[in-house]
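Structure at a glance
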Amino acid sequence: MIAQLSRFGLTTYEVRAYVALLGRGSFTAADVARLAGLPRQRIYDVLAALAERGLATVRQGGVLKYVAVEPGAAIARLLELQRDQVRALEAQAALLTDALSPVCEAGRRQADPLSYLEVLRDRNAISTRFAELESMVEREILVFNKPPYATPPQENLAGLEVARKYEARGLYESSLFDDPQALAGVRRFVAAGEQARVVPELPVKLVVIDEAVVMFGMHDPLAAATDVTTIVVVENPPLATVLKTAFNAYWESGRPLEEGSLQPE
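Not measured: the values here are computed from a predicted model. (Residues numbered from 1 in each chain as written. Predicted model: local features only at pLDDT ≥ 70, side-chain atom pairs only at ≥ 80, totals over all residues. Heavy atoms only, no water.)

Using the criterion set out here, one finds three aromatic pairs in the structure. Ring centres 5.3 Å apart and planes at 65 degrees place the aromatic pair phenylalanine 144 and tyrosine 250 in the edge-to-face group. Taken together, the residues phenylalanine 144 in strand β5 (residues 140-145) and tyrosine 250 in helix α9 (residues 237-253) connect sequence positions 106 residues apart. Residue classification places phenylalanine 144 among the buried positions, given a relative accessible area of 5%. On the basis of relative accessibility, which here comes to 30%, the residue tyrosine 250 falls in the partly exposed class. Taken together, the aromatic side chains of Phe144, Phe247, Tyr250 and Trp251 make up a single cluster linked through ring pairs. The residue whose ring lies beneath arginine 169 is tryptophan 251, and the NZ or CZ to ring-centre distance is 5.1 Å. (Phe/Tyr/Trp six-rings, centres within 6.5 Å; stacked < 30°, edge-to-face > 60°. Helix = DSSP H or I, 4+ residues; strand = E, 2+ residues; numbered from the N terminus. Buried < 20%, exposed > 50% of the residue type's maximum accessible area, 1.4 Å probe, protein only. Lys NZ or Arg CZ within 6 Å of the ring centre and 35° of its normal.)

Structure (structure tokens):
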């Protein structure tokens, strides 16, 4: 009962005092404190709060006595008080909405000068972001494939679908031929439609999508592990255009995949 009445906004002391008052026609403050097990120094504040909420009335006389308002009327009064509070909150909410909306709109109009830049280091996050970028392709995807791979070619099933639908060109380092599983994965890409060439070495990991978005890797010289790479994603068409030009230069120097396995004498 105490927990249920507390949901209407009463304190535990107020609930106990009200329930004690229900047990007789009228009580002195000392009687209520004794029956409800409340501190004598707090009882007058508690009874005053009940009277203010409309749950008790005060009978004047030589000694003040308190009478509980019958439960139906008392709970109806508590409900009305709760509704008053809700209406007040609704009014405040409307005022806050009016005050904060312009601030929100102004914030949206402020462009973050680095909003086009994203930095990733976690291998799983890199794999997830690369898959997201692959799903965004509308025309072409150009890739410098350089180990270690966040998503090895033989595991990149989403990339196969991209190779089937769009222009896909992939440059690989000649070390690819030292990894039979990765090589088999690349051959599946070629069968799906990717154009693949091989060069002795690539300077960085690089993805260029639709001349608009680039993803490239930078080795962290301070990292203890040799395969730790920082990946940067940039949505910037001018940069993408420049990097596509660099890609094409490497592409022209590359050899077709099957020829790439033949070492020059």
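Back to the write-up after that little detour.
A word on the nonpolar core. Counting 24 residues, the largest nonpolar core has Leu21, Val32, Ile43, Leu47, Leu50 and Leu55 as the members making the most contacts within it. When residues of this core are traced back to their parent elements, those giving at least two are α2 (12-21), α3 (29-36), α4 (40-53), β3 (65-68) and α5 (71-109). When residues no more than four places from it in sequence are discounted, the contact partners of leucine 55 are Leu10, Tyr18, Leu50, Val67, Ala68, Val69, Ala74 and Leu78. Counting 19 residues, the second largest nonpolar core, distinct from the first, contains Phe130, Ala168, Phe189 and Ile231. (Core = buried A, V, L, I, M, F, W, Y, C linked by side-chain atoms within 4.5 Å. Contact = heavy atoms within 4.5 Å.)

With that settled, consider the environment of glutamate 161. Relative to the elements of secondary structure, glutamate 161 occurs in helix α7 (residues 157-165). With relative accessibility at 40%, the residue glutamate 161 sits in the partly exposed group. With 28 residues separating them along the chain, glutamate 161 and phenylalanine 189 place their C-alpha atoms 9.1 Å apart.

Here we take up the side chain of asparagine 145. Note that asparagine 145 resides in strand β5. In contact with asparagine 145, other than residues within four places in its own chain, are Gly170, Leu171, Tyr172, Glu173 and Leu202.

Here we come to the sheet that holds strand β1 (residues 27-28). Sheet architecture is open: three strands sit in the order β1-β3-β2, paired in antiparallel fashion. Each end of this open sheet is capped by a strand with a single partner; those strands are β1 and β2 (56-59). In this structure, β2 lies alongside β3, joined through four bridges in antiparallel fashion. Each bridged residue has a counterpart across the sheet, and for valine 58 the counterpart in β3 is tyrosine 66. (Pairing = 2+ DSSP bridges.)

Cis geometry is adopted by the peptide bond preceding proline 148, which originates at proline 147 and carries an omega value of 0 degrees. You can see proline 148 is positioned in the loop between β5 and α7. At aspartate 210, a residue that is not glycine, the phi angle is positive and equals roughly 55 degrees. Relative to the helices and strands, aspartate 210 resides in the loop between β8 (206-209) and β9 (213-219). Look at glutamate 211: it is not a glycine, yet its phi comes out positive at around 50 degrees. You can see glutamate 211 is positioned in the loop between β8 and β9.

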